[in-house]
Amino acid sequence: MVEVAEKETMDNLTFKSDTVLSDIHLHCPNKRHLMVRLNAAGQPVFLSHFKLLWNAYNWVSEKNAKEATPEKEQQYKSRGEFCDKDRNNPKNERELNIEGLEALLDDDGDLEVVRRPQDASDLEEEDLLRDRVCPVILIRGEDDAFEDEEHPCSDVIKIEHTMATPLEDVGKQVWRGAFLLADYILSKWDMFRCCTVLELGGGTGITSIIMGTVAKRVYCTDVGEDLLAMCEHNVALNKHLIEQGSNEIKVKELDWMQDDFCTDPQAPYRWSEAEIADLHDHCTVMMAADVFYDDDLTDALFRTLYRITHNLKNSCTVYLSIEKRLNFTLRHMDVTCEAYNHFRNTLNDLENLQDGKMKYTVEPIKLDFCQFLIYERTEQL
């Protein structure tokens, strides 16, 4: 949504951001969202349960090097192939789309649009061809709101989040890029086993929580005490998914606009000297999901990437997930992807950097891995 500021002449029109809405919850028909509280900014906070699509996660979340027998690995791979075949087969999906389209054409080849009747009560609900998508907002205390919190499920991720925020608070929402990166982690869990990982712009923490099921230690970072408190609470909500005693997730402040880690004794999410040393000595994986929407922040993120990787003792792989968002701009009078274009240009600059000390290689990842979470995997991801 965009709010237009009124001016005396059309030449002086200015635009400012009003509300940004993630549509993750819209792709879960009739999914219930429990409103639990208002945060420090007065925004409604919801508790959503995101269910994993198949039961192989029960083994993935409990595995360790001793348990990962060849039989279990083959079992996981077989289930993963089944998942890929049934859920991510572009050919099958294309055939279904074509068949569905042909079914809607009349004798002349024109598309017949089935409209909902004005009085829906005249027809049975099952006769309506268009599915209704209406997330149900609950309040605590309702009967059957959610299952007993004392009996957590091993295939459900519980996340507190907001649904609509100003641009500066988008980290409090759940975005498709985070789901995409979480899918990749679950599909390639053996690559991240026992790693030390740093997430930049962790937001609600969902990607770090998934990573925490396999990695030895995850530093989930963002900025803003209210956001970090929400993230820390989400980690606590999902502690049953993390191997106690062997894996851990630490929520820390990391401001890309600053040149160093926050070590202020008064800051609740500060870094200790031991934690900074641990990161520099052991970090081999960094990740960021859907954080490239502002050019200044993109520049700051890449500066932070360079600064941190420059101080690491080991080589590091950085996983970046992004959704290419299309917007119509008056400046171009066309649909553009300015934030994405700036991201790509900055990424190219990093790859071409020659300082005699660091070398960066950029490789795209095919989106042919299994989908574990319910969201729309658009071609813009």
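To be clear, the structure that these remarks concern was listed above.
Residues numbered from 1 in each chain as written. Predicted model: local features only at pLDDT ≥ 70, side-chain atom pairs only at ≥ 80, totals over all residues. Heavy atoms only, no water.

Caption draft 1: Region of the structure containing the side chain of T162. With respect to the helices and strands, the residue T162 is situated in the loop between β7 (156–161) and β8 (164–165). Once residues within four sequence positions are removed from consideration, T162 is found in contact with N39, Q43, P44, V45, F46, K172, Q173 and M230. (Helix = DSSP H or I, 4+ residues; strand = E, 2+ residues; numbered from the N terminus. Contact = heavy atoms within 4.5 Å.)

Caption draft 2: Representation of the side chain of T196 in the model. Structurally, T196 can be placed in strand β9 (residues 196–199). Beyond its immediate stretch of four places on either side in the chain, T196 contacts R217, Y219, D278, H282, C283, T284 and V285.

Caption draft 3: Local environment of helix α7 (residues 225–237). Spanning 13 residues, α7 covers 18 Å between terminal C-alpha atoms, matching the ideal 18 Å at 1.5 Å per step. Here α7 has its buried residues at L227, L228, M230, C231, N234, V235 and L237. (Expected span 1.5 Å × (residues − 1). Buried < 20%, exposed > 50% of the residue type's maximum accessible area, 1.4 Å probe, protein only.)

Caption draft 4: Summary view of the sheet that holds strand β12 (residues 283–289). Strand order in this open sheet of 5 strands is β11-β10-β9-β12-β13, and the pairing throughout is parallel. Two strands lie at the open edges of the sheet, namely β11 (248–253) and β13 (317–321), each paired on one side alone. Taken over all neighbouring pairs, the strand axes of this sheet differ in orientation by 20° on average, direction set aside. Running over the sheet, α7 touches β10 (217–222) and β11 and is turned about 175° from β11. Where helix α9 (residues 295–310) meets the sheet, it contacts β9, β12 and β13, and its direction lies at approximately 175° from that of β12. (Pairing = 2+ DSSP bridges. Axes fitted to C-alpha atoms, helices over the stretch in contact; angles between N-to-C directions.)

Caption draft 5: Summary view of the layout of surface pockets. Within this model, the second largest pocket holds a volume of roughly 1,100 Å³. What lines the second largest pocket is a set of 36 residues, among which V318, Y319, L320, V362 and E363 lie closest to the centre. Residue composition of the lining of the second largest pocket, by class: 23 nonpolar, 7 polar and 6 charged. (1 Å grid on protein atoms, 1.4 Å probe; cavity = no way out; pocket = protein on both sides within 12 Å on 5 of 7 lines; lining within 4 Å. Points joined across faces, edges and corners; volume = space filled by probe spheres on them. Nonpolar A, V, L, I, M, F, W, Y, C, P; charged D, E, K, R; others polar.)

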